Protein chains: 2
Amino acid sequence: MTLLLSNEEIDTILTMEMALECVERSQRSLEAQEAVNSPRVDTLAPTTVGETKGVYSLKAMSGLWPDEGMAALRINSDVLIWPEVSGNVRRDRLASADGRWNGLMLLFSMETGAPVMICPDGYISRMRVGAANGLAARYLAREDASVMALLGTGWQAGGQLMAHCAVRPITDVRVFSPNPVNRERFCRELASRVDARLTPVESADEAVEGADLVVTGTNSMEPVHQRKWLRPGVHYSAVKVQETDYDFLDAMDRVFLFSRNPANIRPQVYRTLAVETPEGTGGWWSERDTPLWERIEELPRAIIGAVNGRQSPDETTAFVNNVGQGLQFAAVAQRVYREAVAKGVGRNLPTEWFTQDVHP
Amino acid sequence: MTLLLSNEEIDTILTMEMALECVERSQRSLEAQEAVNSPRVDTLAPTTVGETKGVYSLKAMSGLWPDEGMAALRINSDVLIWPEVSGNVRRDRLASADGRWNGLMLLFSMETGAPVMICPDGYISRMRVGAANGLAARYLAREDASVMALLGTGWQAGGQLMAHCAVRPITDVRVFSPNPVNRERFCRELASRVDARLTPVESADEAVEGADLVVTGTNSMEPVHQRKWLRPGVHYSAVKVQETDYDFLDAMDRVFLFSRNPANIRPQVYRTLAVETPEGTGGWWSERDTPLWERIEELPRAIIGAVNGRQSPDETTAFVNNVGQGLQFAAVAQRVYREAVAKGVGRNLPTEWFTQDVHP
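Rules behind the numbers
- Residues numbered from 1 in each chain as written.
- Chains lettered and ligands numbered in written order.
- Predicted model: local features only at pLDDT ≥ 70, side-chain atom pairs only at ≥ 80, totals over all residues.
- Helix = DSSP H or I, 4+ residues; strand = E, 2+ residues; numbered from the N terminus.
- Rg over C-alpha atoms; globule rule 2.2 N^0.38 Å.
- Least-squares fit on C-alpha atoms with pLDDT ≥ 70 in both.
- Contact = placed C-beta atoms within 7 Å.
- Pairing = 2+ DSSP bridges.
- Axes fitted to C-alpha atoms, helices over the stretch in contact; angles between N-to-C directions.
- Buried ≥ 20, exposed ≤ 12 C-beta atoms within 10 Å, placed from the backbone.
- Nonpolar A, V, L, I, M, F, W, Y, C, P; charged D, E, K, R; others polar.
- Core = buried A, V, L, I, M, F, W, Y, C linked by C-beta atoms within 7 Å.
- Domains from an automatic or database assignment.
- Parallel < 35°, antiparallel > 145°, perpendicular 65-115°, else oblique.
- Left-handed = near helix turned anticlockwise from the far one by under 90°.
- Expected span 1.5 Å × (residues − 1).

1. A closer look at the overall build of chain A
Secondary structure assignment for chain A yields 11 helices and 20 strands. A compact globule built from 360 residues would reach a C-alpha radius of gyration of about 21 Å, and chain A, at 20 Å, matches this within 12%. Taken along the three principal axes of its C-alpha coordinates, chain A extends 65 × 45 × 45 Å.

In C-alpha cells form, the structure reads like this:
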C-alpha cells in the first residue's frame, strides 16, 4: 500500500526532536558520502490567474538516504507573484488551487522503488527548515540562551520557534511582524507548541533588544537582519540569503551557511525568455571573491566536528539557511512514514495505482 | 478532482496521431521560446534487492507548455542493473515493486498549480518516444518507404512500430530480436496495432535486407546499427545514442539528433562515490570535436523549416532520439487528460489529497 497523509496527520506524529535527529544524522551520512542530494531545479513560464499576471513554477528536488533505504522527491507547482508589502518585496505563492497551495512529497523505497508515501510538503518542510536552523543554534548559540527575537509570523516562523525552543532553554520570545493582527494571531496559535512565553511587540528593534537569539523567518526578498543589532554573544539566524546583507554578515565573528556550493544555493532555473522575476539581481551570495566568503563555514562540517562551533560566550554568530535540500525531506519524511505506519495513521492507497506492469 | 489513469485506460484514448501532433506542435513552441524544459536529473545510490546488488535511481524531468496551460513532471524510481544478454550489455530496470515497475507522470495546471492528472509513465513514454522517431521519419524518410526493419521487441519497439506506420505507407515489417520467443510474441501482440504485415526473422541482416527504414528500439548499451547496412535512400532510426557508433553515423549523408545541447543529452547525475555503472564510458556523443558533430542537425529545426529534411531519394539519413524531454511528456499527457475528461475515462481522486491549506 501507499500511505497518503495530510498535514494535520503529520502534525500529530512528527515532533521537532524527530526532525532535528533525522536532519542531523542525514547530514553526517552526506558528509561521509553515504547519502546524496540533487540540487533544486525550477522550471518557469509566464501564466495568468484571473486578472493576475504571475509566473508558473514547477520545482523539484530529490534526496536519497541509503542508511534508511528511502528516497524523497519534493515537488512544488506554484503560481508566484512578488508584491511589495510594507516597503519590502516579497515572494508570494498564490492560493490558486481553489484557495489552496500545491506542494507535494513523494517518498520511495530504495529497495522496491515503489512510492510508499504521498503527502503535502508544508508541515514537513516547516519542520526540516526549522531543524536546520535549530541545529545551527545547537552548535552556534550560547548554551544559556533564553530570550529569542522572532521576526516574521508566517509558516516558516512557526518552525523556527519550535526548533530554537527545542535546542535552547528559551523562556521568552518577542514576536514581530509589520501587521499587528498577524503577530497576535501567531502568538495565540503557537503558544501551545512551546513552553516559552510568546509576546507580540511593536517593532523589530523592540524584539531584538536584549535577545540572545535573533531569528528571521520571513518571505522578504530584502534584508531583515540589521548590523545595528550586533551585540556580543548573540546568535543570528535566517531562513534565506535575502534576509541578510553583506555588511551584517561581515560584522559577525563567525558565519555559517548550510552549503557553500553554488549549485546548492542557486536553483537551476529553466525559463522562457519572457519571464522576469525580482530574484535575478544577485547579492552577497553570488559575489564570492570577497573577504566574507573566505571565512564562511558550512553547518554540516560543524555537525561532524570538522570545524568549530561557538568558541566563547562573547562571539557573534550567524547562520543563513541557504539550501532547500532533498535529503532533508527524505530524512524527515522517512521518519514520518515509520511513525505513521506504527500508529496506523493515514489512508492506504493501492500502490498499483502508481506503478505499472510494463518495463518502460 | 485529480484524474487517476492506468496505462490500459490511456491505451484506449491515446492514438499515435495525437502523440505526433502534440510532440510536433510543442517543439514549434519550444523553438519559438514559448515552452520550456528542464533537463533530466538522475540521483543514484547503491541498493540491494534480495541477493541482487543494483543501483537505485530517482529520475525527474519537467516541461511546461503555456500554449496548453499545462506542465508535467515525469518521475522514475528504479532499481537498475546492467546484465549481459547475448553478448550485449543492457540497462534493465528490475520489477522490484511486487513484480511491477515504478514510473509516474504528474500533470499540473499552470493556472491553478493543482495536479490535474496522475498516471504511470509507460504508455505515454512509449508514445512520445515513438512520436519523436516518427516525426524524424516524416522529415527524413522517403515518402514511399514501405518496408521496415525493426530490431528490438521490447516496450519501446512497439512505439517505434506504431509511429513509423503512422507517417509512412508501411506494408511490411521484419522484426528481429535475438530471442525467437520474443520476436514471435511481439508480432502476434502488435499485429492489431498497425495495417502492415509483421514477420519475425532470424537475423538482423535478414530484417535489414531491402528495407527502406531501419529502426532500432532496444535496451542495448552497445551499437546495434551497422555500417555494412548502408544503402542509398534508407532512413535509419535509433531510440538512444548507444545504439549507434561513430563510423555508422559518419557514413550517413544527413544525421539528426533531437538536441545537440549536452545538457539535454547527458542527464545531470548525482551519486554517492560508491556507485559505478557501465554508462559512464562516453562515446561519439561526448566527443564533440569531430567532423561528425560539425554537421549534425536537430530535428526540431527541421520541423520549423530552419534546416532541410531529406533532399533526394538517394540520400542516407539517420535520426538518433537522444533526449528524454519533459516537454514531450507535457505535450502528450495534456492531450490524454483532455480526452479522458471528455470521455469520462479514469478515476477521480480529491485534489485536496495533494494540496494544502498552508502557504509553505
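On we go from here.
2. Some words on the relation of the copies chain B and chain A
The relation between the two chain copies is a rotation about an axis coupled with a shift along that axis. Note on the copies: chain B fits chain A at an RMSD of 0.0 Å, the axial shift is 0.0 Å, and the rotation between them is 180°. The superposition of one copy onto the other is thereby described by a two-fold rotation axis. By C-alpha distance to the rotation axis, the residue of chain B lying nearest is Ala60(B), at 3.9 Å. Here 100% of the interface residues in chain B have copies in chain A that are interface residues too; the copies meet face to matching face.

3. Description of the sheet that holds strand β13 (residues 197–200) of chain A
Residues and elements named next belong to chain A. Ordered in space as β13-β12-β11-β14-β15-β19-β16-β18, the eight strands form an open sheet in which the pairing is parallel. Each edge of the open sheet is held by one strand with a lone partner, namely β13 and β18 (297–298). As judged from the four bridges shared by strand β15 (residues 235–238) and strand β19 (residues 317–320), these two strands associate in the parallel manner. Within the sheet, the bridge partner assigned to Ser-237 lies in β19 and is Phe-319. Contacts between helix α3 (residues 122–140) and the sheet are confined to β14 (213–216), β15, β16 (254–257) and β19, with β15 contributing the most and set at about 165° to the helix. Strands in contact with helix α5 (residues 180–190) are β12 (172–176) and β13; relative to β13, the strand with the most contacts, it is inclined by about 170°.

4. Thoughts on unusual backbone geometry
Residues and elements named next belong to chain A. Despite not being glycine, Asp-98 has its phi angle at roughly 50°, a positive value. Mapping Asp-98 onto the fold places it in the loop between β8 (92–93) and β9 (103–109). We classify Asp-98 as exposed; it has 10 C-beta atoms within 10 Å.

5. A closer look at the interface of chain B and chain A
Contact residues are listed per partner, giving 60 residues for chain B and 61 residues for chain A. For the side of chain B that touches chain A, the secondary-structure elements that each account for two or more residues are β2 (36–37), β3 (41–49), β4 (52–65), β5 (70–81), β9 (103–109), β10 (115–120), α3 (122–140) and β17 (268–271) of chain B. Looking at side-chain class alone, the side of chain B that touches chain A contains 31 nonpolar, 21 polar and eight charged residues.

6. Some words on the nonpolar core
Membership of the largest hydrophobic core comes to 235 residues, with the highest contact counts inside it found for Ala333(A) and Ala333(B). Sequence-distant contacts of Ala333(A), that is, excluding residues within four places in its chain, are made with Ala72(A), Met105(A), Leu107(A), Met117(A) and Ile124(A).

7. Focus: the domain arrangement of chain A
All names here are of chain A. On domain assignment, one finds that chain A holds domain 1 (2–124 + 325–354) and domain 2 (126–320). Using C-alpha coordinates to define each centre, domain 1 is positioned 21 Å away from domain 2. Domain 1 puts 33 residues into the contact, and the matching count from domain 2 is 32 residues. Those elements that provide at least two residues to the side of domain 1 that touches domain 2 are α2 (16–31), β3 (41–49), β7 (88–89), α3 and α11 (326–343). Among the elements that take part in the side of domain 1 that touches domain 2, α2 stands out by supplying 10 residues, more than any other. Its residues assigned to classes, the side of domain 1 that touches domain 2 shows 18 nonpolar, six polar and nine charged.

8. Quick look at the packing of α2(A) against α11(A)
Residues and elements named next belong to chain A. Direction vectors running N to C along α2 and α11 enclose 130°, while the axes themselves pass 9 Å from each other. Relative to α11, the element α2 is oriented oblique. The handedness of the crossing between α2 and α11 is right-handed. Facing Met-18, Ala-19, Cys-22, Val-23, Ser-26 and Leu-30 of α2, the residues of α11 in contact are Leu-327, Gln-328, Ala-331, Val-332 and Arg-335. Of the residues that constitute the contact of α2 with α11, the class distribution is eight nonpolar, two polar and one charged.

9. Some words on the packing of α2(A) against helix α4 (residues 155–167) of chain A
Residues and elements named next belong to chain A. Packing of α2 against α4 leaves a shortest axis separation of 10 Å and a crossing angle of 80°. Judged on the interaxial angle alone, α4 and α2 are roughly perpendicular. Between α2 and α4, the residues in contact are Met-16, Glu-17 and Leu-20 and Met-162, Ala-163 and Ala-166, respectively. A per-class count over the contact of α2 with α4 returns five nonpolar, no polar and one charged.

10. Considering α3(A)
Since there are 3.6 residues in each turn of an α-helix, residues three or four apart along the chain are aligned in direction. In a regular helix each residue adds 1.5 Å, so 19 residues correspond to 27 Å; α3(A) covers 27 Å between its end C-alpha atoms and thus fits that length. Burial of α3(A) is extensive: 19 of the 19 residues sit out of reach of the surface.

11. Remarks on the sheet that holds strand β13 (residues 197–200) of chain B
All names here are of chain B. Spatial strand order, β13-β12-β11-β14-β15-β19-β16-β18: eight strands in an open sheet with parallel pairing. In this open sheet, the two edge strands, each paired with only one partner strand, are β13 and β18 (297–298). Of the strands in this sheet, β11 (147–151), β12 (172–176) and β14 (213–216) touch helix α4 (residues 155–167), which is tilted by about 170° from β11. Strand contacts of helix α5 (residues 180–190): β12 and β13, with the helix running at about 170° to β13, the strand carrying the most contacts.

12. Comments concerning helix α11 (residues 326–343) of chain B
For α11(B), with 18 residues, the first-to-last C-alpha span of 26 Å sits near the 26 Å given by 1.5 Å per residue. Phi turns positive one or two residues past the end of α11(B), at Gly344(B), with a value near 70°.

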